[in-house]
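Each chain is listed here by its residues.
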Amino acid sequence: MKALLLLLCALALSAADLRIGIIGTDTSHVPAFTKLFNDASDPGHLAGARVVAAYQGGSADIESSATRVKKFAAEIHDKYGVEIVDSIPELCKRVDVVLLESVDGRKHLEQARPVIAAKKPFFIDKPLASTLADAREIARLAAEAGVPWFSSSSLRYSPLAELKSPDASGYEVWAPSPYDPHHQLDLTWYGIHGVELLYALMGPGCIEVTRIATDASDVIVGRWKDGRLGTVRGLRPYGNYGVVVYKATKSAANDPNIAEVDYRPLVVKILEFFQTGKSPVPNAETLELFAFMDAAQRSKDSGGAPTKLR
């Protein structure tokens, strides 16, 4: 039965469809994204590309990776006919573009290297990396090879980001921010969602960060070169998402009914990126976002001192 499913899926692949490969089957994004690309009966289906192969990867020292990597690999194989391969170079032979989905940011540089060497455009799911140095190295290697890349949280394309206003003097974002002990920049594990949303609203240009951290929350204040202030409040262990828009005349908070996160708007952007080779988020902005988290880590480690971005 499985062999028949694989054959039918292969026959259904249009010559015009981009062949997508997945690296890392240890996040729920993997079956969610694959469903959008491969299930033509789904109301949110996106035509023009199809997930055809995946490399499991996984991190034995992170429970949420080790306990899900085989489960999600089996799900996309059994439901959508995705071939599971034994290596990233083998994956690259079978595909046109790559979704690097590994939940562990520490793995991203080493996993991106063979993708870049194979000249495959790639999307790296959050976080781009686990350190600023790794993020910059991925960008350097890709630039030298002329390989397009894109990285983003789904929050950048949520209704919350639509609260951006030309007359805002700043924004406060709140979002979950649990830590993982293996990630050197602790915000890269989950707090990056709030940081990404702040950058979607503020744009680049932060010069200094101050951070106060307790067991229950973080308060991270960024000072932009034009005088605006942007704040991320990270909640632990988990919490909801929200935005306050500050204006000289009338400030406003989001309607809680628009705080739900939908993956499809991000996947639409990923498909457009794969089709055009143009990242919807400038790579320089993504790297500044990492410099922001790096400065926030150094501020926290120094007891909350104002810290310049590197």
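Before any of the text, the structure's been laid out above.
Source: prediction; values computed, not measured.

Student: Can you tell me about the overall build of the protein chain, naming the residues and giving the values?
Tutor: From N to C terminus, the protein chain includes 10 helices and 13 strands. For 310 residues, the compact-globule estimate of 2.2 N^0.38 gives 19 Å, and the C-alpha radius of gyration of the protein chain, at 20 Å, lies within 12% of that figure. In terms of its C-alpha atoms, the protein chain occupies a principal-axis envelope of roughly 60 × 35 × 35 Å. Of all 310 residues assigned to the protein chain, the portion counted as buried reaches 55%. Put simply, 73% of the contacts in the protein chain that link residues at least 6 apart link residues at least 24 apart. Accessible surface for the protein chain amounts to roughly 13,200 Å². Of this, 55% is attributable to carbon and sulfur atoms. For the protein chain, the centre of its 35 positive side-chain charges and the centre of its 37 negative side-chain charges are spaced 3 Å apart.

Student: Which residues make up the packing of helix α2 (residues 29–38) against helix α4 (residues 69–80), and what values go with them?
Tutor: Two elements in contact, α2 and α4, have axes whose closest approach is 10 Å; the angle formed by their N-to-C orientations is 15 degrees. Considering the angle they form, α2 stands roughly parallel to α4. Relative to α4, α2 is oriented so that their crossing is right-handed. Contacts between α2 and α4 involve V30, P31, T34, K35 and N38 from the first element and F72, E75, I76 and Y80 from the second. Tallied by class, the residues present in the contact of α2 with α4 amount to 5 nonpolar, 2 polar and 2 charged.

Student: A description of α2 should follow, citing residues and the corresponding values.
Tutor: Most of α2 sits out of view: 8 of its 10 residues are buried. Every buried residue of α2 is listed here: H29, V30, P31, F33, T34, L36, F37 and N38. Residues of α2 that are buried sit in contact with β1 (18–23), β2 (49–55), α4, β4 (97–100), β5 (122–125) and α9 (264–276).

Student: Talk me through unusual backbone geometry; I want residue IDs and the actual numbers.
Tutor: For the peptide bond that leads from K126 to P127, omega is -5 degrees, which places it in the cis range. Locating P127 in the fold gives a position in the loop between β5 and α7 (132–145). The amide bond that connects R236 to the next residue, P237, takes the cis arrangement and shows omega of 0 degrees. For P237, the position within the fold is in the loop between β10 (229–235) and β11 (242–247). We note that K119 has phi near 65 degrees; this positive angle belongs to a residue other than glycine.

Student: Outline the pattern of salt bridges, supporting the account with residue identities and numerical values.
Tutor: A side chain of one charge can pair with a side chain of the opposite charge if their charged atoms are brought near each other. Using the criterion set out here, one finds 25 salt bridges in the structure. Between R94 and E83 there is a salt bridge, with the nearest N and O atoms lying 3.0 Å from each other. Remark: E83 occurs in strand β3 (residues 83–85) and R94 occurs in helix α5 (residues 88–94); sequence separation between them is 11 residues. Measuring nitrogen to oxygen at the nearest pair gives 2.8 Å for the salt bridge that ties D294 to R310. Taken together, the positions of D294 in helix α10 (residues 283–301) and R310 in the segment after β13 (307–308) put the pair 16 residues apart, joining distant regions of the chain. Residue classification places D294 among the buried positions, given a relative accessible area of 7%. Sharing partners across several salt bridges, the network here consists of D186, R211, D218, R236 and K300.

Student: Quick one: what's the story with the layout of surface pockets, residue by residue and with numbers?
Tutor: Roughly 380 Å³ of internal volume is contained in the largest pocket. Split by residue class, the lining of the largest pocket holds 8 nonpolar, 7 polar and 4 charged.

Student: Can you tell me about the packing of aromatic side chains, naming the residues and giving the values?
Tutor: This model, assessed by the stated rule, comprises 8 aromatic pairs. Considering the side-chain rings of Y190 and Y238, the 5.3 Å spacing of their centres and the 90 degrees angle between planes classify their relative orientation as edge-to-face. Placement of the pair is Y190 in the loop between β7 (168–176) and α8 (192–202) and Y238 in the loop between β10 and β11, with a sequence separation of 48 residues. Since its relative accessible area comes to 22%, Y190 is described here as partly exposed. On the basis of an interplanar angle of 50 degrees and a centroid distance of 5.5 Å, the ring pair of Y199 and W224 is categorised as tilted. Placement of Y199 in helix α8 and of W224 in strand β9 (residues 217–224) is noted, with a sequence separation of 25 residues between them.

Student: Provide a residue-level description of the pairing of β5, including the pertinent values.
Tutor: The alternating pattern of β5 places F122 and I124 on one face and F123 and D125 on the opposite face, and all of these are buried. Examined bridge by bridge, β4 and β5 share 3 bridges and lie parallel to one another. By the bridge assignment for β5, L100 is matched with I124. One crossover worth recording links β4 to the parallel β5 by way of helix α6 (residues 108–117), and it is right-handed. Judged from the 4 bridges that link them, β5 and strand β6 (residues 149–152) form a sheet pairing that is parallel. The residue of β6 that forms the bridge with F123 is F150.

About the thresholds
Per chain, residue numbering runs from 1 following the sequence as it is written. The predicted origin of the model limits local features to residues at a pLDDT of at least 70 and limits the giving and counting of side-chain atom pairs to 80 or more, whereas totals for whole chains, interfaces and linings rest on all residues. No hydrogens and no water enter the side-chain calculation; it runs on all heavy atoms of the structure. Labels follow the DSSP assignment, with helices taken as runs of H or I lasting at least four residues and strands as runs of E lasting at least two, numbered in each case from the N terminus. We compute the radius of gyration from the C-alpha atoms alone; for a globule the expected value is 2.2 Å times N to the 0.38, where N is the number of residues. Between buried and exposed lies partly exposed: a residue is buried under 20% and exposed over 50% of the maximum accessible area for its type, with that area taken using a 1.4 Å probe on protein chains only. Pairs of residues are marked as contacts when any of their non-hydrogen atoms sit within 4.5 Å. Note on areas: Shrake-Rupley, 1.4 Å probe, and residue coverage restricted to the protein chains presented here. His is not counted here, nor are the chain ends, while Lys and Arg score as positive and Asp and Glu score as negative. Note that the charge is assigned to NZ on lysines, CZ on arginines, CG on aspartates and CD on glutamates. Fitted lines through C-alpha atoms give the axes, limited to the stretch in contact for helices. The angle between two N-to-C directions lies from 0 to 180 degrees. Angle categories are assigned with fixed cut-offs, so that under 35 degrees is roughly parallel, over 145 is roughly antiparallel, 65 to 115 is roughly perpendicular, and the rest are oblique. Helix crossings fall into two classes, left-handed where the near helix is turned counterclockwise from the far one by less than a right angle and right-handed where it is turned clockwise. Residue polarity is assigned by list, with Asp, Glu, Lys and Arg as charged and Ala, Val, Leu, Ile, Met, Phe, Trp, Tyr, Cys and Pro as nonpolar; anything else, Gly included, falls into the polar class. Put simply, a salt bridge is a Lys or Arg side-chain nitrogen that is within 4 Å of an Asp or Glu carboxyl oxygen. Only protein atoms enter the 1 Å grid, on which a cavity is a set of points fitting a 1.4 Å probe that cannot get out and a pocket is an open set with protein on both sides within 12 Å along at least 5 of 7 lines, lining residues being those with an atom within 4 Å of a point. Grid points are joined across faces, edges and corners, and a volume is the space filled by probe spheres set on the points. Between 30 and 60 degrees the pair is tilted, below 30 it is stacked and above 60 it is edge-to-face, where a pair is any two Phe, Tyr or Trp rings, Trp via its six-membered ring, whose centres lie within 6.5 Å. In short, DSSP must find at least two bridges between two strands for them to pair. With strands facing away from the observer, any crossover in which the path from the first strand over the helix to the second runs clockwise is taken as right-handed.

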